[in-house]
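Examining the three-dimensional arrangement
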Amino acid sequence: MRIRDVIITPVAFADPPLLNVTGVHEPYALRSVLQLVCDDGLVGLGESYGDEDLLALARKVAERLVGVEIFDLPAVRRIATEVVGGGIYADRHGLTGGVSASKTLQTVFSFFEVAMLDAQGRFLGVPVVDLLGGKVRDRVEFSAYLFYKYAAHQGLRPDEWGAIDTPETVVGSARRMIDEYGFSSIKLKGGVFAPAEEVAAIHALRDAFPGLPLRIDPNGAWTPATGQWVAKELDGVLEYLEDPTPGIDGMARVAAYASMPLATNMCVVEFAHIPPAVAAKAVGVILSDHHFWGGLRLSGSLATLCETFGMGLSMHSNSHLGISLAAMVHLAGATGHLTYACDTHWPWKTEDVIVPGVLSFEGGAVAVPDKPGLGVELDHDALARLHENYLSCGLKRRDDATYMRRYVPDFQPNIARW
């Protein structure tokens, strides 16, 4: 079974004005949808970021994939390695840690690896979870992912969520998500307001939901000293504290003081970062992300390393669509050492490119699909609509900081600002 055509379609879907340390989400989130068209019309699906720099690299790989066997993942890695060379794809928003040629290669390769595994599963008649070693769980738990947000995008009327900028409105958004999706843990994206305000929001969440695990992620917005203060203020309240300060050294300073484990998707983002992080005792939980950890199989290797070194494991999220969620669910379904509920932006989106019905949240969890491959089908009409969004919105790369200056003209992203 060989690849006969490769179709990469950039798409844009509506995104609320969610706030973070680097600014605010633009009106549209960008993604790329991959179709590997194989013999007999079989199609493998993949999804990744939609920034133009990544698209350029992916298209160069795609040009060389025609004729490759769908089981020949080493060939895909060789092609990706040659295309990427020493080049670097850098996400402008900066919320997934440092950049390097190695991380760029893993990001490009993972885009195609997921689609290859989807094609393999469809050809063999088995779900991707079986290709990853088989199910260790039938359902994958996710966490309510809360954000501070503006009431509306510039020039538009307030959306249905309204402004979220106080402990009371944070609790209200959590209640809405839990009522609708059944989540049994809560994460707050911090780094937006002064640390004392965000600590107050966490305490309000603890009062409102006394039995649910809580976590906060300021994306490195605090100095190590402030991270230590927050750890003290939230002692006994958080299940983990995510990226309170930049870098392995800074994280180690906070970790030595904190009672709860520190999690990261910023200072440990490739395998070379694990030895120094372990030596410094900087990290207790790694948030994996198959998009930049090299795909589903290498993410399984990451789980083994985390278990070996006594670290917890969860999954990082981005503004994703259904193909990526399906890949996350299959990976989590096959990962024994998955010690915390995964992140997801799912409640914030209103559009998708897959046929509805396969992926649904019940009791805060998504069942691992049992159909061949990823178990999801492309909605071609929806794909066309979201591609038209891409063509008309004018966005070519994510840039939270520039968009933020429409609200705050002198805004400058600044990690460790507090």
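Placed above this text is the structure.
A few points on the structure. (Residues numbered from 1 in each chain as written. Predicted model: local features only at pLDDT ≥ 70, side-chain atom pairs only at ≥ 80, totals over all residues. Heavy atoms only, no water.)

The next point concerns the nonpolar core. Ranked by internal contacts, the top residues of the largest apolar core, which has 144 residues, are Leu65, Phe112, Phe142, Ile186 and Leu205. With ten residues, helix H3 (residues 101-124) is the largest single contributor of residues to this core. Here phenylalanine 112 is in contact with Val6, Ile8, Leu34, Leu36, Ala58, Val61, Ala62, Leu65 and Val76, once residues within four sequence places are set aside. Judged by nonpolar contacts, the second largest core, of five residues, contains Tyr240, Ala263, Leu287 and Tyr340. (Core = buried A, V, L, I, M, F, W, Y, C linked by side-chain atoms within 4.5 Å. Buried < 20%, exposed > 50% of the residue type's maximum accessible area, 1.4 Å probe, protein only. Helix = DSSP H or I, 4+ residues; strand = E, 2+ residues; numbered from the N terminus. Contact = heavy atoms within 4.5 Å.)

Once that is clear, we can look at the sheet that holds strand S1 (residues 3-14). Across the sheet, three strands lie side by side as S1-S4-S5; this open sheet has antiparallel pairing. Lying at the two open borders of the sheet, with one neighbouring strand each, are S1 and strand S5 (43-49). Between one strand and the next, the sheet's axes are offset by a mean angle of 20 degrees, whatever the strand orientation. As paired elements, S1 and strand S4 (residues 28-38) share eleven bridges and run antiparallel to each other. Within S4, the residue paired with threonine 9 across the bridge is valine 33. The sheet strands contacting helix H1 (residues 52-62) are S1, S4 and S5, and the helix crosses S1 at an angle near 165 degrees. (Pairing = 2+ DSSP bridges. Axes fitted to C-alpha atoms, helices over the stretch in contact; angles between N-to-C directions.)

Our next topic: the sheet that holds strand S6 (residues 139-141). Read from one edge of the open sheet, three strands run S6-S15-S14, paired in antiparallel fashion. One side of each edge strand has no neighbouring strand; the edge strands of this open sheet are S6 and strand S14 (361-362). Relative to strand S15 (residues 365-367), S6 is paired through three bridges, and the arrangement is antiparallel. Residue pairing for S15: arginine 139 is matched across the bridge by alanine 367. Relative to the sheet, helix H11 (residues 322-334) contacts S6, S14 and S15, its axis offset from that of S6 by approximately 105 degrees.

This part takes up unusual backbone geometry. Located in the positive-phi region is aspartate 243, a residue other than glycine, with phi close to 40 degrees. Tracing the sequence through the fold places aspartate 243 in the loop between strand S10 (238-242) and helix H8 (248-255). A positive phi is found at lysine 281, a non-glycine position, where the angle reads about 55 degrees. Assignment of secondary structure puts lysine 281 in the loop between helix H9 (274-280) and strand S12 (285-288). Judged by relative accessible area, which is 69%, lysine 281 ranks as exposed.

A few words on empty space enclosed by the protein. Summed over all chains, the structure comprises three cavities of 30 Å³ or more. Counted as a void, the largest cavity has a volume near 420 Å³. Only S4, H3 and strand S7 (144-147) provide two or more residues apiece to the lining of the largest cavity. Among the elements that take part in the lining of the largest cavity, S4 stands out by supplying four residues, more than any other. Residues that form the lining of the largest cavity fall into these classes: ten nonpolar, 13 polar and ten charged. (1 Å grid on protein atoms, 1.4 Å probe; cavity = no way out; pocket = protein on both sides within 12 Å on 5 of 7 lines; lining within 4 Å. Points joined across faces, edges and corners; volume = space filled by probe spheres on them. Nonpolar A, V, L, I, M, F, W, Y, C, P; charged D, E, K, R; others polar.)

Here we take up H11. With 13 residues, H11 should cover 18 Å at 1.5 Å per step; its first-to-last C-alpha distance of 18 Å lies within 8% of that length. Of all 13 residues that make up H11, 13 are buried, and the element is covered over most of its length. (Expected span 1.5 Å × (residues − 1).)

Take it as geometry only, folks, not as evidence of what the structure does.
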